[in-house]
Amino acid sequence: MICLGIESTAHTFGVGIMEDTKVLANVTDMYTPSGGGIHPREAAEHHSDVCDKVLEDALKEAEIKKEDLDLISFSQGPGLPPCLRTGAVFARSLALSLNIPIVGVNHCIAHIEIGKLKTETQDPVTLYVSGGNTQVIALSSGKYRVFGEVLDTPVGNALDKFAREAGLEHPGGPKVEKLAKDGSKYIELPYSVKGMDMSFSGLLTEAMRKLDDERLEDICHSLQETMFAMLTEAVERAMAHAGKEEVLLTGGVAANKKLQEMLNIMCEERNASFHTVPYDLAGDNGAMMAWLGILKYESTGKDDVEDTSFIQNWRTDDVNVTWSK
Ligand code: AMP
Ligand code: MG
């Protein structure tokens, strides 16, 4: 089965093509905000400007024709409404014009499933950390339960905001990581974990305040140490709670070596295994949409076109995981 998957929840427009478990193509085009944060309508305009070109490039990369496709899958939510609408319209018109089935899938679950496929994990606790999300998720009684999540600013967004305040370029995460390597002094910052939920706003404000009187490298180092210790604590608690022995790290922030190292140490201490999703499949992309599309289609069939409107706040634990044993 060849499935074409479309991602459009936020800044990235992506088209990926999977032939069963094999990635044939994965093309993305990212909108970068002109200043300040992401502007939903501008991002959606970006997506409609690039969608035909991204589709064409993906088909070329996969060395197939549109007519070879068996299924269309798209990110139905959660996300920014104008962006979701653009993706849904594009997916629907493609499916109708080719007269092939369509399925809408959950963005967060797509991150988990492509991660499981690529790392060969069976039943992990997933830490999904990106610009718009921070969640600790594990499968329990047929649903991906969110054991813990951020109560305010997601981790990637917090890093980006801090970087902007410090005069660094967007995206901030990689810049902060690089500067942190030259930091040595630990500056105490607010540490806030409640059960398995966490809050980054207070820490962010305090880190910004330190910009006047501490070295940037030291603040970056302390920011990472504190945020990632909070994430590691939440993941460890979820593992104990849910009885899991694997950790899967995904989302754009998964690229961070310091975060990987801290989670890996925690896993070693618990005799658990640690896995990071490969870089090109960890950030938002179309291949993960295609893979979850195949899983969903093979277990419950196609969606009716009437049921393919976007779902802005689609929760991870609203989805019945019908495809997992
Ligand atoms: P996503 O929303 O999944 O596409 O991921 C984008 C987010 O990942 C942005 O907030 C980036 O700042 C962040 N990011 C990317 N690379 C790194 C890194 N090496 N360390 C920390 N954050 C990163
Ligand atoms: Mg994402």
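As a reminder, the structure under discussion sits directly above these lines.
Residues numbered from 1 in each chain as written. Chains lettered and ligands numbered in written order. Predicted model: local features only at pLDDT ≥ 70, side-chain atom pairs only at ≥ 80, totals over all residues. Heavy atoms only, no water.

Trainee: Just checking my understanding: could you explain unusual backbone geometry for this structure?
Mentor: Excluding glycine, most residues fall at negative phi; most peptide bonds, likewise, are trans. Cis geometry marks the peptide bond from Gly 77 to Pro 78; its omega dihedral reads -5°. Position of Pro 78 relative to the elements: it lies in the loop between β4 (71–77) and α2 (81–98). With omega at -5°, the peptide bond leading from His 170 into Pro 171 counts as cis. In the Ramachandran plot, Asp 20 falls in the positive-phi region, its phi being about 50° despite a non-glycine side chain. Relative to the elements of secondary structure, Asp 20 occurs in the loop between β2 (12–19) and β3 (22–30). Even without being glycine, Glu 120 reaches a positive phi, approximately 55°. Looking at Glu 120, the relative accessible area reads 64%, which means it is exposed. (Helix = DSSP H or I, 4+ residues; strand = E, 2+ residues; numbered from the N terminus. Buried < 20%, exposed > 50% of the residue type's maximum accessible area, 1.4 Å probe, protein only.)

Trainee: Would you take a moment to explain the pattern of salt bridges for this structure?
Mentor: Between side chains of opposite charge, a pair can form when the charged atoms approach closely. Per the stated rule, a full pass over the model turns up 14 salt bridges. Close ionic contact of Asp 57 with Lys 53 constitutes a salt bridge, the shortest N to O distance being 3.0 Å. One end of the pair is Asp 57 and the other is Lys 53, both in helix α1 (residues 40–62) and four residues apart, which spans about a single turn. Exposure remark for Asp 57: the relative accessible area of 25% places this residue in the partly exposed category. With relative accessibility at 48%, the residue Lys 53 sits in the partly exposed group. Across the pair Asp 218 and Arg 215 runs a salt bridge whose closest N-O atoms are separated by 3.2 Å. In this structure Arg 215 comes out as partly exposed when scored by relative accessible area, which is 42%. Through salt bridges with shared partners, a single network forms among Glu 149, Arg 315 and Asp 317. (Salt bridge = Lys/Arg side-chain N within 4 Å of Asp/Glu carboxyl O.)

Trainee: How do you make sense of the coordination of the magnesium ion (ligand 2) when you look at a structure like this?
Mentor: Metal coordination angles in their ideal form are 109.5 degrees for the four-donor tetrahedron and 90 or 180 degrees for the six-donor octahedron. Those donors, His 107 (NE2), His 111 (NE2), Tyr 128 (OH) and Asp 284 (OD), are the protein atoms that reach the magnesium ion (ligand 2), and they lie 2.0 to 2.4 Å from it. When the donor residues of the magnesium ion (ligand 2) are listed from N- to C-terminus, their spacing reads H-x3-H-x16-Y-x155-D. In this pair, Tyr 128 sits in strand β6 (residues 125–129) while Asp 284 sits in the loop between α9 (279–282) and α10 (286–300), placing the two residues 156 residues apart along the sequence. Grouping residues by exposure puts Tyr 128 and Asp 284 together as buried. (Donors = N, O, S within 2.8 Å, 3.2 Å for Na, K, Ca; no water.)

Trainee: How should α2 be read in this particular structure?
Mentor: Within an α-helix, residues lying three or four positions from one another point in the same direction, as the helix has 3.6 residues per turn. Given a rise of 1.5 Å per residue, 18 residues ought to cover 26 Å, and the 26 Å separating the end C-alpha atoms of α2 matches this to within 8%. Of all the residues in α2, the buried ones are Cys 83, Leu 84, Thr 86, Gly 87, Ala 88, Phe 90, Ala 91, Leu 94, Ala 95 and Leu 98. The elements touched by buried residues of α2 are β1 (2–7), β2, α1, β4 and β5 (102–106). (Expected span 1.5 Å × (residues − 1). Contact = heavy atoms within 4.5 Å.)

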